[in-house]
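Below, each chain spelled out in residue letters.
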Amino acid sequence: MIRTVRAAAGPLTGTVRVPGDKSISHRAVLFAAMSDGSCRLEGVLDSEDIRATMGAVSMLGAAVRVLRTEPRGLTLEVDGWGAAGPVEPPAQIDCGNSGTTARLLLGVLAGWDVAVTLTGDSSLSRRPMRRVTEPLTLMGARVTTSEAGTLPVSIRGGALRAARVEMSVASAQVKSAVLLAGLRAQGRTVVIEPAPSRDHTERMLPAFGVGVGRRASDNECWVDGPVAVAAADLSVPGDPSSAAFVVAAALLVAGSSVTVTDVALNPTRTGFLSVLARMGGSVTAVPGRASGAEPAGAITANYGGDLRGVLVTAEEVPSLVDEVPVLAVVAAHAVGVTRFEGVGELRVKESDRLEAVRAGLSALGATVRCGEDWLEVEGPTRLCAASLSSLGDHRLAMAFAVAGLVADGPVTIEGWEAVAVSYPRFAEDLTALGAMLSC
Ligand code: S3P
């Protein structure tokens, strides 16, 4: 599907409630499936990635009932498999485009004696899986990957040993997989990261009756196994990574003022707000009612004219790893150079996002350079019309749409359907704020 985005005729104004957080929704569905009772989950993101997780746990024996489908998200009732464990699925489990589904599921399955094969779409089938399968093998699971270390991955779990895993990259998916395997291992399983990645697993597990130890000074966390997962009810706040596109659009389109309500404000996710503020953007986050252990509130972004280039350091990248494409679009409008350091992980996301951002912004007339793990954007540039491809990557599609709102001519984005992975209503929400997008 092709979308054409035209320069906004006037300011973007209004309030939007972005859909439920993708990372929190995956975890809510997975932990509910592991639990020994019935869980009610509200505000769950209704997107292709979360449907992949719902489909996977259903194949493994959890009962997932959709009680309500609303713009705010899904209300689900999930009956978990508890102490009985998952059943062997009748077929391979297709994780679609979702890295979180594949990687966290491997951790969930590692402690059970069932044989499961995970597959994915062409993008997911290129992404590295050894970072997860190696520590799980060390803990005692039998796991095989393709020769390239990718999907399909077959796993047969069983009795696990606790492990101390020192990760070479900050990855919430790997950290979560190891912790989830640790729930079934004998003893203390410890994960140490080079920098703090998103901590939704650590925050959510206690609601399911599982204690998680943490030593922030060493980026260390642990679980003591074996431990049962109890049933819990919870509500999912809006996704700050989806909000980032709306916020960026408001900072770029003259006269705009937009508020995003009920959005997660977990500090491991809001690095983009600090970067935008350093650039001179008018962004404010006002804490409101928390969603369980997740801080939440409202973000307001006002157009304020001049932005300046900044340095984004490797230490802050995990807190904004999914926002780099849209931050690069903002950077094209800032005076001077914006440099992102330590962004090599972007090469193994849903696409090679470093190269895709370089190519896409170059086609839009911006000055962009990238290396193995850095990206530089030099501005300000008045972006021009271009025909771009999402490369099947939801965050590229939305970042290019934001560029289209301030470009000199129409920006067409081929492969628009990728937005269904995380923000199916993105075009509708932008239109309601005053943007012009056509099919
Ligand atoms: C996610 C973690 C991040 C992020 C991804 C979702 C998660 O990846 O990019 O979109 O839900 O745990 P890392 O594993 O690189 O942290």
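Owing to the predicted nature of the structure, the values given are computational and were not obtained by experimental measurement.

Q: Is there a simple way to explain the sheet that holds strand 20 (residues 336-341) in this structure?
A: Sheets are built from strands that pair by backbone hydrogen bonding, the pairs being arranged parallel or antiparallel. Strand order in the open sheet made by the four strands is 19-20-22-21, with mixed pairing throughout. Only two strands of the sheet have a single partner each, and these edge strands are strand 19 (311-312) and strand 21 (367-370). Of the pairings in the sheet, the one linking strand 20 to strand 22 (residues 374-379) comprises six bridges and is antiparallel in character. Paired with Phe340 across the strands is Leu375, a residue of strand 22. The sheet contacts of helix 9 (residues 324-331) involve strand 20 and strand 22, and relative to strand 22 the element is tilted by about 25°.

Q: What should I look at first to understand the sheet that holds strand 2 (residues 13-16) in this one?
A: The sheet built from four strands is open, its strands ordered 2-16-18-17 with mixed pairing. Both edges of this open sheet fall to strand 2 and strand 17 (282-287), since each of them pairs with a single strand only. For this sheet the average axis-to-axis angle between neighbouring strands, irrespective of direction, equals 15°. In this sheet, strand 18 (residues 296-302) lies alongside strand 17 in antiparallel orientation, the contact comprising six bridges. Within the sheet, the bridge partner assigned to Ala285 lies in strand 18 and is Ile299. Contacting strand 17 and strand 18, helix 8 (residues 271-278) runs over the sheet at an angle of about 145° to strand 17.

Q: Explanation requested: the packing of aromatic side chains in the structure shown.
A: Remark: the centre distance and the inter-plane angle together describe each pair of aromatic rings, the angle taken between the planes. The tally for this structure, following the rule as stated, stands at four aromatic pairs. With centroids separated by 5.9 Å and ring planes inclined at 65°, the aromatic side chains of Phe245 and Phe426 adopt a geometry described as edge-to-face. Of this pair, Phe245 sits in helix 7 (residues 240-252) while Phe426 sits in helix 12 (residues 426-433), and the two are 181 residues apart along the sequence. With 6.1 Å between their ring centres and 25° between their planes, Trp416 and Phe426 make a pair best called stacked. Residue Trp416 is located in the loop between strand 24 (411-414) and helix 12, and its partner Phe426 is located in helix 12; the two are separated by ten residues in the primary sequence. For Trp416, a relative accessible area of 3% gives the class buried. Overall, the relative accessible area of 0% leaves Phe426 in the buried class. Put simply, the rings of Phe245, Trp416, Tyr423 and Phe426 touch in pairs and so form one group of aromatic residues. Seen from the ring of Trp112, Arg184 lies directly overhead, with NZ or CZ sitting 3.3 Å from the centre.

Reading the values: the criteria
Residues numbered from 1 in each chain as written. Predicted model: local features only at pLDDT ≥ 70, side-chain atom pairs only at ≥ 80, totals over all residues. Heavy atoms only, no water. Pairing = 2+ DSSP bridges. Helix = DSSP H or I, 4+ residues; strand = E, 2+ residues; numbered from the N terminus. Contact = heavy atoms within 4.5 Å. Axes fitted to C-alpha atoms, helices over the stretch in contact; angles between N-to-C directions. Phe/Tyr/Trp six-rings, centres within 6.5 Å; stacked < 30°, edge-to-face > 60°. Buried < 20%, exposed > 50% of the residue type's maximum accessible area, 1.4 Å probe, protein only. Lys NZ or Arg CZ within 6 Å of the ring centre and 35° of its normal.

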